[in-house]
Amino acid sequence: MNAPDSTETHVTDPVSLRRRPARPTTIRSAYRLQLRPDALTFAEARAIAEYLQQLGISHLYLSPIMTAAHGSTHGYDVTDPTTVSAALGGPTGLKALADEVRSRGMGLIVDLVPNHVGVADPRQNAWWWDVLRNGQESRFASYFDIDWSPGNGAGGRLALPVLQSENDPAALTVDRSGAEPMLALHDLRFPIAPGTDGDNALRIHDKQHYRLVSWKAGLCTYRRFFAVSSLAAIRQEDQEVFELTHRELAAWCEHDLIDGVRIDHPDGLADPAGYLTRLRRLIGPHRLLLVEKILANREPLDATLPIDGTTGYEALADFGGVLIDPRGEHALTELSRRVAGHGSDRAWIGETEHRIKRAVAETILTPEVRRLVAAIKQDANAESFDTMALTNATIEVLAFMPVYRADYAPLAGMTGAVIAEVEKRNSELTAPLAVLVAALAANGAAAVRFSQVCGAVTAKAVEDTMFYQAARLVSLQEVGGNPARFGHSLNEFHLSMSQRAQLWPATLTTLSTHDTKRGEDVRARIGVLSQAAETWARNVDSWLETTPAPDGATALFLLQNMFGVWPADGRPAASVPGLRERLHSFAEKAMREANTKTSWEEPDAEFEAAVHAWLDAVIDGPVGSELGDLVHELAPHAWSDALSQKLLQLCGPGIPDVYQGCELWEDSLVDPDNRRPVDFAARAGMLQSLTGTPALDTTGAAKMWIVAYALWLRRERPECFVGGAYRPLFATGDHASKVVSYARGRAGEAPEVIVAATRHSVSLAETGWGDTFLDLPAGSWTDRLTGHTFQGRARLEKMFARLPVALLVR
């Protein structure tokens, strides 16, 4: 399969691909690489650069590359934000990778983690070690957001929630095997402050600047990433911290190694807008600046921020949502009511979100809420106000907040509206709400902490809990998604795309990331159940009668995910290497995240064993066989939806991000499953071997064909895409609603590219397209995917004769 270059000739010699201009004029596309020391280092990324170039990618988008915890497979637990990871190849490896991609006319986008550092093993983090050793006298004490006040619950010391049981303190010993004595707790080591050494480990511990406490005590005196005690937040609002943690980034920009930056979780910072303004000054006006931002339903992205867009969760919801068949909503809601005990509908989701947010704030985020309430009392000059009443009112406001944080410009007035609603619901909260308002109006520490805690509560309650409890259609339960909305209409979709083209032409769009709950093809297959809702409901009822489950909600949730990853080629799931183990790992995480029958904090071994036994019974018994039959029957429609969402993304407004390996079918579930190593050699071999339009089958060749041709077209006509015009196209005839189509072109000029994608293909299998047409703009249009040419009124029956999608070029 040979890639056409920008002059539309065909390149047959891979060497000639290296003769492209030294630097691309724009970022056309990104390919996300999950770097890891054991599988994908800078050197290994260099080795696949030629393949990615041939695929049509313009930029490699790297996961965090700073020094992280030993053995980290994701890199977000940075232990030294001032050095490039030696395990990945160090600065020389990064420079070699940058030179390699530059020589191919490509570039790099890097993922930066400004909010927190990894402290799971204090020895690996020099700043944290120094703070533990020297307390408030440490030069790094101000780098972290630590409460040293006498009333912090730990006697003014730094509370470390690392004890696993009440007997743990008895396990403390002194390790004198190294250059300095250390307190030892199992595999962990902690420093001993100068002049506090002695014979008894417990007495030594009592003299330290830190205090080891049980993780169940609800005591932690430093700000964390959400409720993750192994990730300590750092204070980017401190100019010294900013300069030190961005020193390497400044050097990369100075030496022109990178073309863009992705910022991890800016919502956790004290002042995201201020931080991004400083960052923009550092990287300059022309480098891409993207933020990981989860926008709530209909929440606008703040246009006053000096950024180019987000990492694309909201686009993911658009591309998947437009393929959902609204006619399946009733049957799936009723199935959820019967089996799970709730419909997972709008009313349930609203009530459940509020309930879980309260529970999260009252349990795992107790330390953050306690510190927030203390700040509220101080900023409102209300030190004597009843703490319990103020805590209850604050939690109630946090539980009703519909966004991650409300201090972005377009959301002005939202906090006041929520407080008014809370007061309307419960007039007894009027007095403590007045204290909260006074504190927020002071615009000091309480206002900052309120926004930070709001995001943590939302993340832990919605994505990390409720999305594992809802069970109506789990493909809608995705980061940035809204499962209360059962799909998007064509009109919604087109307006969303049009606004993206106008307002955020260089935002990233995605279908899969390291944070998505399921990979894109798994989601697409599960989404097909909206088109076969009655069939699915009958099967689930039958299967749960054949093989009863310990819990209906858990079973309904897991069955959909099993449907999403089950082999489509007729093989028994038990014969697929590793699949059983992956399903059991996913089930454990799903059960514990749902937090209804078991949890991470208090696992119910008996319940979990019963679910695992049921899972094996499904895999090995008649239910697994029947599930495989249904997967096989619906596979063509799953592939159709997977290709449709892929082409819609690749040619839509914004910069498409291809997650590693997703140019072929992929069956990933939630992390760490989606960080499995990718066989790039097999993909490179397939790309070279494709010579004609592939069949729609289990190999995934059709997906690679579409990915490559779409990316080549973006390279050939870049002005039609990033910054180009977007024009909705609507079909006419019997099944006009079953095609999504739009045109792209240079701004202000006639369209040059038309994308057409099938939706709701299950019913089409019975009727065919009939007299359904797409009226094409003037000119002769050739489908790059099949070679067929169309003019004027094109019959969709002919357009989709080979593939369920078309990529027409004038």
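Given the structure is predicted, the values throughout are model-derived calculations rather than measurements.

(A) Geometry of the overall build of the protein. Secondary structure assignment for the protein yields 27 helices and 25 strands. Against the globule reference of 28 Å for 810 residues, the protein gives a C-alpha radius of gyration of 27 Å, in line with a compact fold. With the C-alpha coordinates of the protein rotated into their principal frame, the extents come out at 85 × 60 × 55 Å. Of the contacts made within the protein by residues no fewer than 6 positions apart, 73% connect residues no fewer than 24 positions apart. For the protein, the centre of its 80 positive side-chain charges and the centre of its 101 negative side-chain charges are spaced 4 Å apart.

(B) Representation of the packing of aromatic side chains within the structure. According to the stated counting rule, one finds 19 aromatic pairs in the structure shown. Pairing W127 with F140 gives two aromatic rings, centres 5.8 Å apart and planes at 15°, and the pair type is stacked. Linking W127 in helix α4 (residues 126-134) with F140 in the loop between α4 and β7 (158-163), this pair joins segments that are 13 residues apart in sequence. Grouping residues by exposure puts W127 and F140 together as buried. Seen from their ring centres, W127 and Y143 are 5.0 Å apart, and the 85° between their planes marks the pair as edge-to-face.

(C) The side chain of H342, seen in detail. Within the fold, H342 resides in the loop between α10 (329-340) and α11 (346-362). Looking at H342, the relative accessible area reads 14%, which means it is buried. Setting aside chain neighbours within four positions, we find H342 in contact with S336, R337, W348, Q469, A470 and A471.

(D) Structural detail: α4. Listed in full, the buried residues belonging to α4 are W127, W128, W129, V131 and L132. Regarding α4, its N-cap is N125, as a side-chain oxygen of that residue lies 3.2 Å from the backbone nitrogen of W127 further along. Phi for G135, located one or two positions after α4, is positive at around 60°.

(E) Quick look at the nonpolar core. Residues L33, L62, I65, W252, W536, M562 and L807 are the most contacted members of the largest nonpolar core, which totals 159 residues. Per element, the largest residue contribution to this core is 14 residues, and it comes from helix α23 (residues 622-651). With near-sequence residues (within four places) excluded, L33 lies in contact with L40, A45, I48, L60, Y61, L62, S63, Q660 and F680. The next biggest cluster of nonpolar side chains, apart from the first, holds 50 residues, and it includes I356, I395, L433 and V435.

(F) Summary view of the pattern of salt bridges. Summed over all chains, the structure comprises 62 salt bridges. The partner of R123 in a salt bridge is D121, and the shortest N-O contact between them spans 3.3 Å. Two residues, D667 and R676, come together in a salt bridge whose shortest N-O distance is 3.1 Å. Because the salt bridges share partners, they merge into one network encompassing E716, R717, E719, R746, E752 and R784.

(G) Spotlight on the environment of K517. Tracing the sequence through the fold places K517 in the loop between β17 (508-509) and α18 (520-527). On a C-alpha basis, the gap between K517 and V84 in space is 29 Å, while along the polypeptide they are 433 residues apart. Among the polar contacts made by the side chain of K517, one reaches the main-chain carbonyl oxygen of E463 at a distance of 3.1 Å.

(H) Examining the pairing of strand β23 (residues 772-783) more closely. Across 2 bridges, the pairing between strand β20 (residues 732-733) and β23 is antiparallel. Residue pairing in the sheet places G733 in a bridge with T772 of β23. In terms of strand pairing, β23 meets strand β24 (residues 789-795) through 6 bridges, oriented antiparallel. From the neighbouring strand, T782 faces β24, where its bridge partner is T789. Following β23, the chain reverses through 5 residues before pairing antiparallel with β24; G787 in that reversal takes a positive phi of roughly 85°.

(I) Structural view of the environment of Q236. Mapped onto the elements, Q236 comes out in the loop between β13 (228-233) and α6 (239-245). A residue is classified by how much of its surface remains accessible, and Q236, at 1% relative accessible area, is buried. Spatially, the C-alpha atoms of Q236 and A270 are 7.6 Å apart, while their sequence positions differ by 34 residues. Aside from chain neighbours lying at most four places away, what touches Q236 is P114, V241, F242, T245, H246, L269, Y275 and R278. Reaching out from Q236, the side chain makes a polar contact with the backbone oxygen of P114 at a distance of 3.0 Å. Reaching out from Q236, the side chain makes a polar contact with the side chain of T245 at a distance of 3.1 Å.

(J) Layout of the sheet that holds strand β12 (residues 224-225). With antiparallel pairing, the 3 strands of this open sheet are ordered in space as β6-β13-β12. Since the sheet does not close on itself, it has two edges, and those belong to β6 (116-118) and β12, each with one partner. In this sheet, β13 lies alongside β6 in antiparallel orientation, the contact comprising 3 bridges. Paired with V117 across the strands is A232, a residue of β13.

(K) How the structure looks around the confidence of the model for the protein. For the protein, per-residue confidence averages 95 on the pLDDT scale, and 97% of positions sit at 70 or higher. Low pLDDT, under 50, characterises residues 5-25; the stretch is placed with 41 contacts to residues that sit more than four places away or in other chains.

(L) Seen up close, the packing of helix α21 (residues 579-594) against helix α22 (residues 605-620). One way to put it is that α21 packs onto α22 with a least axis distance of 10 Å and a crossing angle of 145°. Relative to α22, α21 is oriented so that their crossing is right-handed. Together, R580, L583, H584, A587, E588, M591 and R592 of α21 and F607, E608, V611, H612, L615, D616, I619 and D620 of α22 make up the contact between the two elements. Classifying every residue of the contact of α21 with α22 gives 7 nonpolar, 2 polar and 6 charged.

(M) Seen up close, the UniProt feature "domain: Glycosyl hydrolase family 13 catalytic" (unreviewed entry) in the protein. Per the UniProt entry, the sites bearing "domain: Glycosyl hydrolase family 13 catalytic" (unreviewed entry) are residues 34-394 in this numbering. Across residues 34-394, the secondary structure splits into 36% helix and 17% strand, with the terminal C-alpha atoms separated by 39 Å.

(N) Structural detail: the state of the cysteines. With the rule as written, the count across this model stands at 0 disulfides. Left unpaired, C220 is separated from the closest cysteine sulfur, that of C454, by 20 Å.

Definitions and limits used
Residues numbered from 1 in each chain as written. Predicted model: local features only at pLDDT ≥ 70, side-chain atom pairs only at ≥ 80, totals over all residues. Heavy atoms only, no water. Helix = DSSP H or I, 4+ residues; strand = E, 2+ residues; numbered from the N terminus. Rg over C-alpha atoms; globule rule 2.2 N^0.38 Å. Contact = heavy atoms within 4.5 Å. Lys, Arg positive; Asp, Glu negative; His and termini not counted. Charge placed at Lys NZ, Arg CZ, Asp CG, Glu CD. Phe/Tyr/Trp six-rings, centres within 6.5 Å; stacked < 30°, edge-to-face > 60°. Buried < 20%, exposed > 50% of the residue type's maximum accessible area, 1.4 Å probe, protein only. Polar contact = N/O pair within 3.5 Å; in protein donor to acceptor, adjacent residues only side chain to side chain. Core = buried A, V, L, I, M, F, W, Y, C linked by side-chain atoms within 4.5 Å. Salt bridge = Lys/Arg side-chain N within 4 Å of Asp/Glu carboxyl O. Pairing = 2+ DSSP bridges. pLDDT = per-residue confidence, 0-100. Axes fitted to C-alpha atoms, helices over the stretch in contact; angles between N-to-C directions. Left-handed = near helix turned anticlockwise from the far one by under 90°. Nonpolar A, V, L, I, M, F, W, Y, C, P; charged D, E, K, R; others polar. UniProt positions renumbered as here; feature names shortened; annotations may be inferred. Disulfide = S-S within 2.5 Å.

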